[in-house]
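Analysis of the macromolecular model
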Amino acid sequence: QNIFALKVALIEATDNWEKLTGGGPPCPVMFNSEDICETMKLDAEERGVDKTLEEWAQVVVHCPLDDMDEKEYM
């Protein structure tokens, strides 16, 4: 996962290279357009899954199961 996040960050840096460097030397990292599209698509999907997991984690944290009497349901 950390390698994937690094790749996304590198793609974003190459996309903003001129702004980041003030028009200095050319970016030493290159990605082909197909790789960029696929990586960014996967990143968007992963962010969506992460958001869903965070929402479910909030539901589980507030779940009243700890207050239930197990004997009552057996």
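Residues numbered from 1 in each chain as written. Predicted model: local features only at pLDDT ≥ 70, side-chain atom pairs only at ≥ 80, totals over all residues. Heavy atoms only, no water.

Bringing the overall build of the chain into the picture now. Check the secondary structure of the chain and you find three helices and zero strands. Surface accessibility of the chain: about 6,600 Å² in total, with carbon and sulfur atoms responsible for 59%. (Helix = DSSP H or I, 4+ residues; strand = E, 2+ residues; numbered from the N terminus. Areas by Shrake-Rupley, 256 points an atom, 1.4 Å probe, with all protein chains shown as cover.)

In this structure, aspartate 43 sits in helix 3 (residues 33-61). Classification of aspartate 43 by relative accessible area gives buried; the value is 9%. Those residues within four positions of aspartate 43 in sequence are excluded, and the remaining contacts are Phe4 and Val8. (Buried < 20%, exposed > 50% of the residue type's maximum accessible area, 1.4 Å probe, protein only. Contact = heavy atoms within 4.5 Å.)

Moving on to the environment of alanine 5. Looking at the secondary structure, you find alanine 5 in helix 1 (residues 2-15). The partly exposed category is assigned to alanine 5, whose relative accessible area is 45%. Separated by 38 residues in sequence, alanine 5 and aspartate 43 place their C-alpha atoms 8.2 Å apart.

Moving on: the side chain of threonine 39. The residue threonine 39 is located in helix 3 in this model. Judged by relative accessible area, which is 3%, threonine 39 ranks as buried. Residues within four places of threonine 39 in sequence aside, it is in contact with Phe4, Lys7, Val8 and Ile11.

Bringing the confidence of the model for the chain into the picture now. With 69% of its residues at a pLDDT of 70 or more, the chain has an overall mean of 81. Between the elements of the chain, mean pLDDT differs from a low of 79, seen in helix 3, to a high of 93, seen in helix 2 (residues 17-21). (pLDDT = per-residue confidence, 0-100.)

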